[in-house]
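# Structural overview for review
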Amino acid sequence: MKLMDGKKGVIFGVSNTHGIAYGIAKELFEAGADIAFTYAGEAMEKRVRPIAESMNAKVIMPCDVTKENEVQAVFKELEKVYGKIDFVVHAVAFANREDLTGEFINTSREGWDLALGISSYSLVSLARNAKPVMNEGGSILAMTYLGGEKVVPNYNVMGVAKAALESSARYLAENLGKFGIRVNCISAGAVKTLAASGISGFGKMLKAAVVKAPLKRNVSLEDVGKTGLYLLSDLSSGVTGEIIHVDCGCHCIYTSAEEMELLTK
């Protein structure tokens, strides 16, 4: 028997086979989970549907997470198909490209509202709509990044959005704990994805992570996927309100010996 046999859930945010959401979906599927997928718009459907079909998805639906009626429609369909579900993965984030370059102080109100609405408030919306159809012991998982805790060049308003996401996850963990539902975040290290390529200077971030990380490498999709599997399975039954770093140790290092040597030359 596989770890996730009989477990059913939905992933918001898979867009290609090179992203973190896909890494988690792959591990879940291989562990026996029944996964539903959503996509944002017709263009994304062309990318998502083949992935979903390769994992035998029973539900493949459009969902703009900023529209409550579309979120509600997804969970109504999940209830119709599955009755109850066991997990929800939130891997949705967006900010205007111009807000991911230069200085944070120049963020527009419109850019702020867009980034926090899509990247942070959507977790609250998903959790609220998931609650009535989740089994006791269910798990909600969101994707975050170190830029929510510390200043990362050019991450800017997305860092603020991730900080809001992490805080929201803690409040949701308290709200949903009485129903036996857990809420956690994975803070993944720099991974070469299409989404990350929109951040100015991302290539340098990847190189810097290798220098700083105790494991002396970049994190892989498999690394993140396996941690996602843990947090969405019964193996983490006592874990909630946590931000688990999967970044080869980058978050725990102020500066590496290599960096100190460069700075003192």
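Residues numbered from 1 in each chain as written. Predicted model: local features only at pLDDT ≥ 70, side-chain atom pairs only at ≥ 80, totals over all residues. Heavy atoms only, no water.

### Concerning a nonpolar patch on the surface
Taken together, the side chains of Leu3, Tyr230 and Leu235 define a hydrophobic patch exposed on the protein surface, amounting to about 280 Å² of accessible area. On the secondary structure map, Leu235 appears in the loop between α7 (221-232) and β7 (243-246). (Patch = residues over 30% accessible without salt bridge, like charges linked within 9 Å, V, L, I, M, F, W, Y side chains within 5 Å. Areas by Shrake-Rupley, 256 points an atom, 1.4 Å probe, with all protein chains shown as cover. Salt bridge = Lys/Arg side-chain N within 4 Å of Asp/Glu carboxyl O. Helix = DSSP H or I, 4+ residues; strand = E, 2+ residues; numbered from the N terminus.)

### Things to note about the packing of helix α3 (residues 68-82) against helix α4 (residues 109-130)
Put simply, α3 and α4 touch, their axes get as near as 10 Å, and they point 40 degrees apart. With respect to α4, the axis of α3 lies oblique. Note on packing geometry: the crossing formed by α3 with α4 is right-handed. Together, Glu68, Val71, Gln72 and Phe75 of α3 and Ser125, Leu126, Arg128, Asn129 and Ala130 of α4 make up the contact between the two elements. Classifying every residue of the contact of α3 with α4 by side-chain character gives 4 nonpolar, 3 polar and 2 charged. (Axes fitted to C-alpha atoms, helices over the stretch in contact; angles between N-to-C directions. Parallel < 35°, antiparallel > 145°, perpendicular 65-115°, else oblique. Left-handed = near helix turned anticlockwise from the far one by under 90°. Contact = heavy atoms within 4.5 Å. Nonpolar A, V, L, I, M, F, W, Y, C, P; charged D, E, K, R; others polar.)

### So, the nonpolar core
Nonpolar side chains tend to gather and get buried jointly when the protein is soluble and globular. Among the nonpolar cores identified, the biggest contains 38 residues, and Ile11, Ile24, Leu28, Ile35, Phe37, Phe87 and Ile186 are the most heavily contacted of them. Once residues lying within four places of it in the same chain are set aside, the contact partners of Ile11 are Ala21, Ala25, Leu28, Ile35, Ala36, Phe37, Thr38 and Val89. Core analysis: the next-biggest nonpolar cluster, separate from the first, contains 33 residues, Ala36, Val71, Ile85 and Val183 among them. (Core = buried A, V, L, I, M, F, W, Y, C linked by side-chain atoms within 4.5 Å. Buried < 20%, exposed > 50% of the residue type's maximum accessible area, 1.4 Å probe, protein only.)

### Brief notes about the packing of helix α1 (residues 20-30) against α7
One can describe the packing of α1 onto α7 by two numbers: an axis separation of 8 Å at closest approach and a directional angle of 60 degrees. One way to sum up the angle between α1 and α7 is to call them oblique. For the pair α1 and α7, the sense of crossing is right-handed. Of α7, the residues touching α1 (which contributes Ile20, Gly23, Ile24, Glu27 and Leu28) are Leu221, Glu222, Val224, Gly225, Lys226, Gly228, Leu229 and Leu232. Residue composition of the contact of α1 with α7, grouped by class: 7 nonpolar, 3 polar and 3 charged.

### Focus on the sheet that holds strand β3 (residues 60-62)
The sheet built from 7 strands is open, its strands ordered β3-β2-β1-β4-β5-β6-β7 with parallel pairing. Here the strands that pair on one side only, and so sit at the sheet edges, are β3 and β7. Sheet twist, expressed as the average angle between the axes of neighbouring strands with direction ignored, equals 20 degrees. With 4 bridges joining them, strand β1 (residues 8-12) and strand β4 (residues 85-90) adopt parallel strand pairing. Within the sheet, the bridge partner assigned to Ile11 lies in β4 and is Val89. Packed on one face of the sheet, helix α2 (residues 42-54) meets β2 (34-39) and β3 and runs near 175 degrees to β2. (Pairing = 2+ DSSP bridges.)

### What about the environment of Lys2?
Structurally, Lys2 is set in the segment before β1. Placed 28 residues apart in sequence, Lys2 and Glu30 show a C-alpha to C-alpha distance of 8.4 Å. Once you skip the residues sitting within four places of it in the chain, Lys2 turns out to touch Glu30, Ala31 and Gly32. Here the side chain of Lys2 touches Glu30 through a polar contact of 3.4 Å, landing on its backbone oxygen. (Polar contact = N/O pair within 3.5 Å; in protein donor to acceptor, adjacent residues only side chain to side chain.)

### Considering the environment of Ala209
Turning to its location among the elements, Ala209 is positioned in helix α6 (residues 202-212). Put simply, Ala209 and Asp64 are 145 residues apart on the chain and 33 Å apart in space, counted from C-alpha to C-alpha. Beyond its immediate stretch of four places on either side in the chain, Ala209 contacts Asn218 and Cys250.

Remember, this is a structural readout, not a statement about activity or role.
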